[in-house]
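Chain residues, written in single-letter form:
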Amino acid sequence: MDAQPRKGLSALAVDDEPGMRHFLEKALETRFARVDTAGSVEMAQALFDGHDYSTVVLDVSLPGKSGLQWLNELRQGGYEGDVILITGYADMDTAIGALRAGAQDFLQKPFRIDQLWYALDRAADQNRLKRENFVLKRAVSNLQQNEQVMVGESPIVRQLRKLVAKVAPTDSTVLLTGESGSGKEVLARTLHGMSLRSERPFVPINCGAISPELIESELFGHAKGAFTGANESHQGLFYYAQGGTLFLDEIGELPLSMQTKLLRVLEDRRIRPVGSTKEVDVDVRIVAATNVNLDVEVKRGRFRQDLYYRLQVMPIEMPPLRSRPEDIELLANYFIKVFAKKLRIDPLKISPDMLARLQAYEWPGNVRELRNFIERSLILGYFPKEDLPLNLDLDEREHTAEDPQNESLEQVEKAHILRVLNACSGNKSEAARRLGVSRKTLERKCMAWSQE
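The model shown is predicted, which means the values in this text are computed figures rather than measured ones.

Caption draft 1: Geometry of the sheet that holds strand S10 (residues 245–249). Taken in spatial order, the 5 strands of this open sheet run S7-S10-S13-S6-S14, and their pairing is parallel. Among the strands making up the open sheet, the edge pair consists of strand S7 (202–206) and strand S14 (314–317). Strand-to-strand twist of the sheet, defined as the mean angle between neighbouring strand axes without regard to direction, takes the value 20°.

Right, dumping it as structure tokens:
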């Protein structure tokens, strides 16, 4: 079997025989960027405490503490790297003990170099499947993610696809901007799917949905005992995104303290789990997204300027739905097909009059609002026109500005949101659902208006 180099990864070989250590060192150097060796568990522990090793090749019989004992301690301490156990005295009990202790493979001396490579590949595959299983469970917990594709044939969407095709194959950091609900996560998934990392995990996280106290642990992981309640170690999302793409949605909501740490990760490509003394190498592409103007946030002191510049290596703007009304029919029919199948009900047909209303509506909640409207319509069995107030109607204009033609986009959005809030008797959760935005976004807008 041909050796497959693993750039940026490191291995630790532990054996009390100098000849075997030399053999392992030379063999592993063809696969790993760094290889260290030790003749005992005590020597290995000293190396392990100061460096993050992706793989450990460990002899069972060692002077002092045995390899099996140390492996048990490593696993209990949260180490999730690849472990290959080797021994000159193999028996069934030893093999069973090795697997129970958490070894991915077991080799009996003497062994050939191709046997070692095969064991390394099997161990790496097991850990890759473990990561992918975690990511898959996370994805299926939100069924919306299985329905998101980039739909549209308008000139602006075609141009966007061309840009994505150029950016996707690179490893450059991408900053996606655009209004809430416009489809930034869909765009991020499209970037990942067209990239060289497409077969590795795509891991999304909403930075605004996690408390500031937990965001560092969620991203970087934590060591056992790092804080009250940390009864065991925990791997962060950077670990599960290894080799793939980490999508940081609502990056503007990230606390300033975490912005500093994220900047360091982007520059050094290393993370430090909470409560750990070791740094861990990461190979992850970062795609960030925001619906706020980060340039303004920088001027207000709410976002680090250096992080802003580091993120926007390749900025891409997702257009609002109202700027591409010709895509509304395609999107609506796409969502009708998706939800008719999901809800197991008959699809609805969009009449010319209904299509005109859909295209005339401003869609402040963008594609997310359209999606919610279609799902609601299929459940009801008809399109609720009352949910689509037309800003062009004279009776609507009588209740807005004196000169509606001079209304700004912000005024139109505010008027519509206030109408929906009024229709919901002030219930912000229900209003946010109808608008297709998060309650947090709605509350932020209301707070801004109250200070005007």
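The structure having been displayed, the exposition proceeds.
Caption draft 2: Geometry of the side chain of Ser180. Following the sequence through the fold, Ser180 ends up in the loop between strand S6 (174–177) and helix H7 (184–193). Residue Ser180 is classed as buried on the basis of its relative accessible area, which comes to 14%. Polar contacts involving the side chain of Ser180 include one to the side chain of Arg368, which spans 3.1 Å. Once you skip the residues sitting within four places of it in the chain, Ser180 turns out to touch Asn291, Pro364, Gly365, Asn366, Arg368, Val437 and Thr441.

Caption draft 3: Summary view of the packing of aromatic side chains. The tally for this structure, following the rule as stated, stands at 12 aromatic pairs. Arranged with centres 6.0 Å apart and planes meeting at 25°, the rings of Phe202 and Phe247 form a pair that is stacked. Linking Phe202 in strand S7 with Phe247 in strand S10, this pair joins segments that are 45 residues apart in sequence. For Phe202, a relative accessible area of 9% gives the class buried. Ring centres of Tyr239 and Tyr240 lie 5.0 Å apart, and the angle between their planes is 85°; on these two criteria the pair is classed as edge-to-face. Residue Tyr239 is classed as buried on the basis of its relative accessible area of 12%. The class for Tyr240 is buried, based on a relative accessible area of 9%.

Caption draft 4: Seen up close, unusual backbone geometry. The omega torsion across Lys109 and Pro110 is -10°, close enough to zero to call that bond cis. Secondary-structure assignment places Pro110 in the loop between strand S5 (105–108) and helix H5 (113–140). For Arg269, which is not glycine, the phi torsion reads 60° and is therefore positive. Of note, Arg269 is situated in the loop between helix H10 (256–268) and strand S11 (270–271). The backbone phi angle of Asn366 is positive, close to 60°, even though this residue is not glycine.

Caption draft 5: Local environment of the confidence of the model for the protein. Looking at the protein as a whole, its pLDDT mean stands at 83, while 86% of the residues score no less than 70. Confidence drops under a pLDDT of 50 for residues 140–147, and excluding neighbours within four residues, the segment shows 12 contacts in the predicted structure. Note on residues 392–404: pLDDT is under 50 here. Beyond four places in sequence and across chains, it has 11 contacts.

Caption draft 6: Broad picture of the nonpolar core. The biggest cluster of nonpolar side chains holds 30 residues, and the ones touching the most others in it are Leu219, Phe238, Leu246, Leu248 and Ile251. Of all the secondary structure elements, the ones that give two or more residues to this core are S7, helix H8 (212–220), helix H9 (237–240), S10, H10, strand S13 (285–290), helix H11 (294–299) and helix H12 (305–311). Among the elements that make up this core, the one with the highest residue count is H10 (5 residues). Discounting residues that sit within four places of it in the chain, Leu248 has contacts with Ile205, Cys207, Leu219, Leu262, Ile286, Val287, Ala288 and Ala289. With 22 residues, the next largest nonpolar core counts Ile328, Ile336, Val367 and Leu370 among its residues.

Caption draft 7: Local environment of the pairing of strand S4 (residues 82–87). Burial within S4 is extensive, with 6 of its 6 residues counted as buried. Alternating positions in S4 separate into two faces, Asp82, Ile84 and Ile86 on one and Val83, Leu85 and Thr87 on the other, with burial throughout. Each parallel crossover has a hand, and the one from strand S3 (residues 55–59) via helix H3 (residues 67–76) to S4 is right-handed.

Analysis parameters
Residues numbered from 1 in each chain as written. Predicted model: local features only at pLDDT ≥ 70, side-chain atom pairs only at ≥ 80, totals over all residues. Heavy atoms only, no water. Pairing = 2+ DSSP bridges. Helix = DSSP H or I, 4+ residues; strand = E, 2+ residues; numbered from the N terminus. Axes fitted to C-alpha atoms, helices over the stretch in contact; angles between N-to-C directions. Buried < 20%, exposed > 50% of the residue type's maximum accessible area, 1.4 Å probe, protein only. Polar contact = N/O pair within 3.5 Å; in protein donor to acceptor, adjacent residues only side chain to side chain. Contact = heavy atoms within 4.5 Å. Phe/Tyr/Trp six-rings, centres within 6.5 Å; stacked < 30°, edge-to-face > 60°. pLDDT = per-residue confidence, 0-100. Core = buried A, V, L, I, M, F, W, Y, C linked by side-chain atoms within 4.5 Å. Right-handed = clockwise from strand over helix to strand, strands pointing away.

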